[in-house]
Amino acid sequence: MARGCGARRVVCASIEAIALCPGLGLSSPWGLRSAACSGTEFWIAFEGNGATGILSLQILGESGTTGAVDIAGLGFSSPFSIPAVGLTTVVLPAAAMLSASDGVEDRGVHVTASKPVVLYGLDIHAESSDSFLALPVSALGAAYDTVSYTPDVFFNSQFAVVATTGGTDVTVTPTAAIGSHPPGLPFAVALDTGQVYQAQSSGDLTGTKVVANHPIAVFSGNPWANVPIGIGFADHLAEQLLPIVSWGMDVFVIPSAPRTSSEPERFRIQANLPNTSVTMSPGGEIMLGAGSSFESSFIAPVRFQSDKPVAVSQFATGGSSGDGTGDPFFYVALAVERFAYCYLVAT
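Owing to the predicted nature of the structure, the values given are computational and were not obtained by experimental measurement.

Draft legend 1. Looking closely at the overall build of the protein. The helix and strand tally for the protein stands at zero helices and 25 strands. Taken over 347 residues, the protein has a buried fraction of 56%. Once local pairs closer than 6 in sequence are excluded, the contacts in the protein between residues at least 24 apart make up 74%. For the protein, the exposed area adds up to about 12700 Å²; of that, 59% sits on carbon and sulfur atoms.

Below, the structure is given as structure tokens:
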């Protein structure tokens with residue numbers, strides 16, 4: 001299915017929006033910095049959702065590609081084979097969803113394939129759904145800054161860390177209290193292969209630093225979130241995060257359609273280094289400190305050009321904010337330097 005665009009440079013578009021990622025071919029000139037979304041091995045997790053939905057994986061690739069989905073902690077194993085249409089779906093047990101608020105669970109989902117595939121995770125409920133584009137092990141890193149949306153009253157923000165190998169030592173420096181861990185004070189988490197640490201907080205965990213001695217997969221978002229605060233209707237927010245090494249200096253956000261001036265979307269831009277200058281077009285220049293973020297609304301495309309790497313996330317607003325179109329979703333925008341020439345779209 002990649003031949004039409006050239007097998008080396010195909011890009012995937014995520015289901016919930018247009019989060020783009022180089023895929024179906026890992027021989028990118030940027031190496032790991034390309035955050036290529038296709039691969040033969042993935043470790044993922046499904047964060048807590050405010051409602052219990054149907055968990056599934058959509059797997060895209062070349063016809064005849066075989067593989068397996070395993071959740072060792074649940075004794076679950078499902079082989080798969082991609083048919084001629086290039087897409088297959090694997091439904092997961094509901095117990096794969098994480099439930100801890102400050103703890104470790106054996107809920108890591110391991111996907112292996114005989115040839116490179118593109119993987120999407122879906123958590124679908126009639127009133128609370130989101131999906132994410134998974135990154136293969138080859139595109140993971142060991143340092144992340146999390147992003148979520150500021151939780152409304154009675155809601156939480158969250159993130160999850162999946163170990164890809166045994167003896168993974170993770171240091172978390174939270175920006176909001178996690179259980180007995182106060183903000184700003186680092187704490188350690190020890191993980192074995194496939195174990196997952198999930199953290200939840202009534203505060204906003206955006207900017208929490210997660211650093212490990214081995215590559216890890218990090219997921220972030222909210223079980224439920226009103227976007228913005230006080231605007232219904234709440235929905236589940238989930239994304240797999242890019243490691244800091246894959247942040248960029250030229251990023252766009254584009255509003256979803258249809259959206260009106262009475263229903264603007266939100267963006268958050270994060271900096272990892274001090275004195276990061278960002279020019280927003282439109283919007284002017286802002287200066288961000290290390291670990292800081294800036295949020296605003298937009299109704300037209302915005303370009304962010306910076307002198308140091310940044311991460312940009314987009315949040316759709318709740319349907320009660322304007323014309324009633326749609327509920328919140330969240331995705332991490334890919335920098336222009338990660339773009340490619342062709343796209344493989346899953347809907």
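Having seen the model, we can carry on.
Draft legend 2. Highlighting the nonpolar core. Ranked by size, the top nonpolar core spans 62 residues in total, and within it Ile 44, Leu 57, Ile 59, Val 69, Leu 92, Val 109 and Phe 159 carry the most contacts. Ranked by the residues each element gives to this core, the list is headed by strand β16 (residues 209-225), at seven residues. Beyond its immediate chain neighbours, meaning those up to four positions away, Ile 59 contacts Val 69, Phe 80, Ile 82, Gly 86, Leu 87, Thr 88, Val 90, Val 117, Val 118 and Leu 119. One finds Val 253, Ile 286, Phe 298 and Ala 335 within the second-largest nonpolar core, a separate group that totals 19 residues.

Draft legend 3. Fine view of the environment of Thr 173. Along the chain, Thr 173 turns up in strand β13 (residues 168-173). Residues Thr 173 and Val 211 lie 38 residues apart in sequence; the distance between their C-alpha atoms is 8.7 Å. Setting aside chain neighbours within four positions, we find Thr 173 in contact with Gly 184, Pro 186, Thr 208 and Lys 209.

Draft legend 4. Summary view of the packing of aromatic side chains. In the structure shown here, the tally under the stated rule is ten aromatic pairs. With 4.9 Å between their ring centres and 5 degrees between their planes, Phe 315 and Phe 330 make a pair best called stacked. Of this pair, Phe 315 sits in strand β23 (residues 302-315) while Phe 330 is found in strand β24 (residues 330-333), placing the two residues 15 residues apart along the sequence. A residue is classified by how much of its surface remains accessible, and Phe 315, at 0% relative accessible area, is buried. Here the aromatic residues Phe 267, Phe 294, Phe 298 and Phe 304 are joined through ring pairs into a cluster of three or more. When the ring centre of Tyr 149 is taken as reference, the NZ or CZ atom of Arg 268 above it lies at 5.0 Å.

Draft legend 5. Geometry of the pairing of strand β8 (residues 102-105). Of the two faces of β8, the one holding Gly 103 and Glu 105 is buried and the one holding Asp 102 and Val 104 is not buried anywhere. Pairing of β8 with strand β15 (residues 196-201) involves four bridges; the strand directions are antiparallel. Each residue of the ladder has a partner; that of Val 104, found in β15, is Tyr 197.

Draft legend 6. Seen up close, the pattern of salt bridges. With the rule as written, the count across this model stands at seven salt bridges. Residue Arg 268 is joined to Asp 204 by a salt bridge in which the shortest nitrogen-to-oxygen separation is 2.7 Å. Taken together, the residues Arg 268 in strand β19 (residues 265-271) and Asp 204 in the loop between β15 and β16 connect sequence positions 64 residues apart. Arg 303 is the partner of Asp 250 in a salt bridge, and the nearest nitrogen-oxygen pair spans 2.7 Å.

Draft legend 7. Molecular detail of the environment of Pro 243. Positionally, Pro 243 belongs in the loop between β17 (235-240) and β18 (248-253). Accessibility expressed as a relative area gives 1% for Pro 243, which makes it buried. When the C-alpha atoms of Pro 243 and Thr 146 are compared, they prove to be 9.5 Å apart, with 97 residues separating the residues in sequence. Contact partners of Pro 243, with chain neighbours within four places excluded, come to Leu 135, Ala 139, Leu 140, Gly 141, Ala 143 and Tyr 144.

Draft legend 8. Up close: the confidence of the model for the protein. Residues at a pLDDT of 70 or more form 85% of the protein, whose mean pLDDT is 86. A low-confidence stretch, residues 1-35 (pLDDT under 50), is modelled with 122 contacts involving residues beyond four sequence positions or located in other chains.

Draft legend 9. Region of the structure containing a nonpolar patch on the surface. The grouping of Ile 54, Val 91 and Ile 124 at the surface amounts to a nonpolar patch, some 280 Å² of accessible area in total. Residue position: Ile 54 is located in strand β4 (residues 54-61). Residue Ile 54 is classed as exposed on the basis of its relative accessible area, which comes to 55%.

Draft legend 10. Spotlight on the pairing of β17. Taking burial as the measure, the six residues of β17 include six buried ones, the bulk of the element. Note: β16 against β17, five bridges, orientation antiparallel. The residue bridging Asn 222 from the neighbouring strand is Leu 237, located in β17.

About the cut-offs
Residues numbered from 1 in each chain as written. Predicted model: local features only at pLDDT ≥ 70, side-chain atom pairs only at ≥ 80, totals over all residues. Heavy atoms only, no water. Helix = DSSP H or I, 4+ residues; strand = E, 2+ residues; numbered from the N terminus. Buried < 20%, exposed > 50% of the residue type's maximum accessible area, 1.4 Å probe, protein only. Contact = heavy atoms within 4.5 Å. Areas by Shrake-Rupley, 256 points an atom, 1.4 Å probe, with all protein chains shown as cover. Core = buried A, V, L, I, M, F, W, Y, C linked by side-chain atoms within 4.5 Å. Phe/Tyr/Trp six-rings, centres within 6.5 Å; stacked < 30°, edge-to-face > 60°. Lys NZ or Arg CZ within 6 Å of the ring centre and 35° of its normal. Pairing = 2+ DSSP bridges. Salt bridge = Lys/Arg side-chain N within 4 Å of Asp/Glu carboxyl O. pLDDT = per-residue confidence, 0-100. Patch = residues over 30% accessible without salt bridge, like charges linked within 9 Å, V, L, I, M, F, W, Y side chains within 5 Å.

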